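Notes for the structure review
Spelled out, the chains give:
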Amino acid sequence: MRLDRELACRDVVELVTAYLEHALSPTDRERFEEHLVFCDGCNTYLAQMRETIAAAGRLDPVRLPPELEERMLDAFRDWRST
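Quick summary incoming for the structure in this document.

Cut-off values and rules
- Residues numbered from 1 in each chain as written.
- Predicted model: local features only at pLDDT ≥ 70, side-chain atom pairs only at ≥ 80, totals over all residues.
- Heavy atoms only, no water.
- Helix = DSSP H or I, 4+ residues; strand = E, 2+ residues; numbered from the N terminus.
- Buried < 20%, exposed > 50% of the residue type's maximum accessible area, 1.4 Å probe, protein only.
- Contact = heavy atoms within 4.5 Å.
- Salt bridge = Lys/Arg side-chain N within 4 Å of Asp/Glu carboxyl O.
- Disulfide = S-S within 2.5 Å.
- Expected span 1.5 Å × (residues − 1).
- Axes fitted to C-alpha atoms, helices over the stretch in contact; angles between N-to-C directions.
- Parallel < 35°, antiparallel > 145°, perpendicular 65-115°, else oblique.
- Nonpolar A, V, L, I, M, F, W, Y, C, P; charged D, E, K, R; others polar.

Comments concerning the side chain of Asp-11
With respect to the secondary-structure elements, Asp-11 resides in helix α1 (residues 9-20). Exposure remark for Asp-11: the relative accessible area of 11% places this residue in the buried category.

Some words on the side chain of His-35
Within the secondary structure, His-35 is located in helix α2 (residues 26-38). His-35 has contacts with Leu-7, Ala-8, Cys-9, Val-12 and Cys-42, leaving out every residue within four places of it along the chain.

So, the pattern of salt bridges
It is possible for side chains bearing opposite charge to pair when their charged atoms get close. Here the structure, examined in full by the defined rule, presents six salt bridges. In this structure, Arg-10 and Glu-14 form a salt bridge, with 3.8 Å as the shortest nitrogen-oxygen distance. Here Glu-14 and Arg-10 lie together in helix α1, a separation of four residues that amounts to about one turn. The residues Arg-10 and Glu-14 share a single accessibility class, namely exposed. Among the ionic pairs, Asp-74 bridges to Arg-77, the shortest N-O distance being 2.6 Å.

Let's talk about the state of the cysteines
Evaluation of the coordinates by the stated rule reveals zero disulfides. Among the cysteines around Cys-42, which has no disulfide bond, Cys-39 carries the closest sulfur, lying 3.6 Å off.

Topic: α2
Counted at 1.5 Å a residue, the expected span for α2 with its 13 residues is 18 Å, and the 19 Å between its end C-alpha atoms agrees. In this structure, the buried side of α2 is in contact with α1 and α3 (40-57).

A look at the packing of α2 against α3
In the contact formed by α2 and α3, the axes pass within 6 Å of each other and the chain directions differ by 115°. On the basis of their axis angle, the class for α2 and α3 is roughly perpendicular. For the pair α2 and α3, the contacting residues are His-35, Leu-36 and Phe-38 in the first and Asp-40, Cys-42, Asn-43 and Leu-46 in the second. Partitioned by chemical class, the residues of the contact of α2 with α3 number four nonpolar, two polar and one charged.

See the structure below:
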């Protein structure tokens, strides 16, 4: 994603995963980090995402019953962010 403008908080939320996975171009990463310099809210959000990822990594995998897994897959199959 090439960003040609200053990032808004909404942009940061949409790009946080790519940022954490080091998938942004150097220019886009710079813009993302520049936004963080001036935005305490987005810094807090980024810290929360890092904590969530770390906590999820410490969880033991649990196998869902097949019926529940299928119901969940059905529920989210057509879900798209808007």
